Amino acid sequence: MSQAYVSLLMYHQVGAFAPMRHHRANYCDHRHFAAQMDFLARFYRVIDLESALGGLEGRQPLPKRAVVLTFDDAYENFAEYAWPILERHGLPAIVYAISGYLGRRADWFAKDPGRPIPRLMSGAQLRELHGAGVMIGSHTVDHLKLAGLPPEAQRRQLAQSRAALEDLLGAPVVHLCYPFGSFDATTIRLAAECGYQSAVTCLRGAATPKDHPLVLPRKAISFGDTLIGYGWKLAFKHAPKPELHAWRRWLAGKGTSK
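It should be emphasised that the depicted structure is a prediction, and the values quoted were computed from it without experimental measurement. (Residues numbered from 1 in each chain as written. Predicted model: local features only at pLDDT ≥ 70, side-chain atom pairs only at ≥ 80, totals over all residues. Heavy atoms only, no water.)

Draft legend 1. Inspection of the overall build of the protein chain at higher detail. When helices and strands are counted, the protein chain shows 8 helices and 10 strands. Computed over its C-alpha atoms, the radius of gyration of the protein chain comes to 17 Å, within 12% of the 18 Å expected for a compact globule of 258 residues. For the protein chain, the C-alpha atoms occupy an extent of roughly 45 × 45 × 35 Å along the three principal directions. Here the protein chain, with 258 residues, has 52% of them falling under the buried criterion. A total accessible area of about 11800 Å² is found for the protein chain, and carbon and sulfur atoms account for 54% of it. (Helix = DSSP H or I, 4+ residues; strand = E, 2+ residues; numbered from the N terminus. Rg over C-alpha atoms; globule rule 2.2 N^0.38 Å. Buried < 20%, exposed > 50% of the residue type's maximum accessible area, 1.4 Å probe, protein only. Areas by Shrake-Rupley, 256 points an atom, 1.4 Å probe, with all protein chains shown as cover.)

If you want it as C-alpha cells, here you go:
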C-alpha cells in the first residue's frame, strides 16, 4: 500500500503582476489562481491544516489527493483576490501573519531595487477573515531569519507573535511558519516550548507521516506554473530537497516527540 501524504502548497501574493524574471515563487497571477482553485475543487480534496495533521499523525483518515493551502505574510491582496475565489469554492486556507507588521508595508522588499513593496493586512482585516473561517497562523513578530539568532531573540519572535495574534483574534494560534524558511534545532525546541503544534518550512516535498509536525515540507507555487505544471507538482511526493532528508534523519535520530 502506498504511503499517505498531503501536498501543502505555499503561496505568497495573489493579484495582477507584470511579467517577471526573479522572485517568481512570491507571486501568483489571480487568473492562474482562479484556474488552480477550480482544478483543485474538481480533482483534489482541499482540507484544513488541522485535518492534515490528524491524518499524518494517524488520528483520523487522510483522504487521497489531500491538499492544504498556505499563504505566507498575510498580504492585503489575499483579501482582494484570493479569498473571494476560495470562498466561492468553499476551500479552507491558512494565512500566516507577522504580528509586528499588521497594516504595514513589507519593507524587506526594499533590498531589491525596483520591486514593488506590498502592504500587509491590518488587524481588522485578519479578524474579519478569521470570522469568515480562514485559519490564522504566526509568522513571528518581525519576519526575521530565525536560524542563528540567540535563543532569547528566537523565543521573543515566537512567543510574542503568538500572544499578540491570540489577543487580536480571541482564539488560539498554534500554527507557525518560519520566515524565509529559516530555522535550526533551537527554533524547533523553542517552537514546541511556545506551544506551537505545527510549523511549515520551505523544504520541498510532500508531507508524510515520517515528518515532524514542526518541520513540515511544502510545494512552492510559482508565477510561471502552467496548469499542467501545477498538476505535476500535486501528483507526486518525490524529489524532496536533500535538506528535508537531512532533517528527517536528524529528527528520527533524536527521537523527537511528535
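Draft legend 2. Highlighting the packing of helix α5 (residues 151-169) against helix α6 (residues 185-193). Two elements in contact, α5 and α6, have axes whose closest approach is 10 Å; the angle formed by their N-to-C orientations is 45°. Considered as vectors, α5 and α6 are oriented oblique to each other. The chirality of how α5 crosses α6 is right-handed. Here α5 contributes P151, Q154, R155 and L158 to the contact with α6, which in turn contributes T186, T187, R189, L190, A191 and E193. Along the lines of polarity and charge, the residues of the contact of α5 with α6 split into 4 nonpolar, 3 polar and 3 charged. (Axes fitted to C-alpha atoms, helices over the stretch in contact; angles between N-to-C directions. Parallel < 35°, antiparallel > 145°, perpendicular 65-115°, else oblique. Left-handed = near helix turned anticlockwise from the far one by under 90°. Contact = heavy atoms within 4.5 Å. Nonpolar A, V, L, I, M, F, W, Y, C, P; charged D, E, K, R; others polar.)

Draft legend 3. Molecular detail of the environment of V134. Here V134 shows up in the loop between α4 (123-132) and β7 (135-138). For the pair V134 and K254, spaced 120 residues apart in sequence, the C-alpha to C-alpha distance is 35 Å. Non-local contacts of V134, meaning those with residues more than four positions away in its chain, are made with F78, W83, A93, V95 and L129.

Draft legend 4. Layout of the nonpolar core. In this structure, L69 and F71 are the most contacted members of the largest nonpolar core, which totals 36 residues. Looking at this core, the elements with two or more residues in it are β1 (6-11), α1 (30-43), β5 (66-73), α3 (76-89), β6 (94-97), α4, α5 and α7 (227-235). Ranked by the residues each element gives to this core, the list is headed by α3, at 5 residues. Beyond its immediate stretch of four places on either side in the chain, F71 contacts Y11, H12, V14, F33, F78, A82, L86, A93, I94, V95 and Y96. (Core = buried A, V, L, I, M, F, W, Y, C linked by side-chain atoms within 4.5 Å.)

Draft legend 5. Structural context of helix α8 (residues 242-254). Over its 13 residues, α8 runs 18 Å from end to end, which matches the ideal 18 Å to within 8%, given 1.5 Å per residue. Every buried residue of α8 is listed here: L244, W247, R248 and L251. On an axial view of α8, the arc spanned by its buried residues comes to 100°, and they lie on one face. Away from the buried face of α8 by more than 90 degrees, exposed residues P242, R249 and G253 are located. (Expected span 1.5 Å × (residues − 1). Arc of directions from axis to C-beta.)

Draft legend 6. Representation of the pairing of β6 within the structure. Neither face of β6 is exposed, since I94 and Y96 on one face and V95 and A97 on the opposite face are all buried. Where β5 meets β6, 4 bridges bridge the pair, whose relative direction is parallel. Bridge pairing in β6 links T70 to I94. Taken together, β5, α3 and β6 form a β-α-β motif whose crossover is right-handed. Across 4 bridges, the pairing between β6 and β7 is parallel. For A97, the partnering residue across the bridge sits in β7 and is S138. (Pairing = 2+ DSSP bridges. Right-handed = clockwise from strand over helix to strand, strands pointing away.)

Draft legend 7. Broad picture of the state of the cysteines. If you walk through the whole model with that rule in mind, you get 0 disulfides. We note that C177 lacks a disulfide partner, and the nearest cysteine sulfur, in C202, lies 6.4 Å from it. C177 gets classed as buried once you look at its relative accessible area, which sits at 0%. Note on C202: relative accessible area 29%, which makes it partly exposed. (Disulfide = S-S within 2.5 Å.)

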